[in-house]
Amino acid sequence: MFGEATNVTTGEVRLSYVHLFKPYAAVPGQEEKYSVTVLVPKTDAATKARIDAAIEAAKQKGIIGKWNGLCPPIVPVPVYDGDGVRPSDGLPFGPECKGHWVFTASARIDYPPEVVDAQGSPIINQSEIYSGIYAYVNVEFFPYLFGGAKKGVGCGLGPVMKRRDGEPLGGSAPTAAQAFGTPVPEGVNPITGIPF
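Let us look at the structure shown here. (Residues numbered from 1 in each chain as written. Predicted model: local features only at pLDDT ≥ 70, side-chain atom pairs only at ≥ 80, totals over all residues. Heavy atoms only, no water.)

## Some words on unusual backbone geometry
With phi around 45°, Tyr-17 is a residue other than glycine that occupies positive phi space. Mapped onto the elements, Tyr-17 comes out in strand S2 (residues 13-24). (Helix = DSSP H or I, 4+ residues; strand = E, 2+ residues; numbered from the N terminus.)

Structure (structure tokens):
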């Protein structure tokens, strides 16, 4: 009943902290998961409205199920204002988050997300997926109860469709051509016997 109400496919968003092919744990010893931070432009009111509705549906699901009929007075939700501060340390979000709603979606190691191109074909070349690309992302908002007391709404990661390239975030390694320029052949041409 709630599955569809809690499921959202975004409009075009920008991806950051991309871990779609190899599970990752931010803290050593934590459970590794596939994850991505999703930057929803504040101009995309339709996607934000769908996200808000899905979070409300997840809260209702929590009241009926995990939370024993009661909704906590304050329910932690995974969507933050990129113009504000990070909840983890109170520092401002990075400059790429300005003008966006920010949330992280993750999937357990046994549920790798499907990653496809704009035509729906699987992306095999992992270098095509990096922090800074633009994509559509399917996510599922769900209620959680952790340790018998901590209640909130989390965000599960579904399929990702790359829409287009973008400026890489967080710095990336240079290509060989950028690092070394055009290589100058050395030696002798084996066919002509003339030095290169």
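## Some details on the layout of surface pockets
A probe as big as a water molecule, rolled over the atoms, marks out the empty space that is left. In this structure, the largest pocket occupies an estimated 1700 Å³ of space. If you trace the largest pocket, you find 44 residues lining it, with Lys-33, Thr-104, Ala-105, Ser-106 and Cys-155 closest to the centre. Contributing elements (two or more residues each) for the lining of the largest pocket: S2, strand S3 (33-41), strand S5 (100-108), strand S7 (134-146) and strand S8 (150-164). (1 Å grid on protein atoms, 1.4 Å probe; cavity = no way out; pocket = protein on both sides within 12 Å on 5 of 7 lines; lining within 4 Å. Points joined across faces, edges and corners; volume = space filled by probe spheres on them.)

## Some details on the pairing of S3
In terms of burial, S3 is a largely internal element, seven of the nine residues being buried. Bridging between S2 and S3 involves five bridges; their strand directions are antiparallel. If you follow Tyr-24 over to S3, its bridge partner there is Lys-33. One ladder, built from nine bridges, connects S3 with S5; its direction is antiparallel. When the sheet's bridge partners are listed, Val-36 is paired in S5 with Ala-105. (Buried < 20%, exposed > 50% of the residue type's maximum accessible area, 1.4 Å probe, protein only. Pairing = 2+ DSSP bridges.)

## Concerning helix H1 (residues 45-64)
Between its first and last C-alpha, H1 extends 29 Å over 20 residues, near the 28 Å set by a 1.5 Å rise per residue. Those residues of H1 lying buried are Thr-47, Lys-48, Ile-51, Ala-54, Ile-55, Ala-57, Ala-58, Lys-59, Gly-62 and Ile-63. (Expected span 1.5 Å × (residues − 1).)

## A look at the pattern of salt bridges
Any two side chains of opposite charge can pair, on the condition that their charged atoms come close. A full pass over the atoms with the stated rule returns eight salt bridges. Two residues, Arg-108 and Glu-31, come together in a salt bridge whose shortest N-O distance is 3.7 Å. Highlighted residues: Arg-108 in strand S5 and Glu-31 in the loop between S2 and S3, separated in sequence by 77 residues. Owing to a relative accessible area of 48%, Arg-108 belongs among the partly exposed residues under this scheme. On the basis of relative accessibility, which here comes to 41%, the residue Glu-31 falls in the partly exposed class. Linking Lys-59 and Glu-56 is a salt bridge whose minimum nitrogen-to-oxygen distance equals 3.1 Å. Residue Lys-59 and its partner Glu-56 are both found in helix H1; the two are separated by three residues, about one turn of the helix. By relative accessible area, Lys-59 is classed as buried at 17%. For Glu-56, a relative accessible area of 40% puts it in the partly exposed group. (Salt bridge = Lys/Arg side-chain N within 4 Å of Asp/Glu carboxyl O.)

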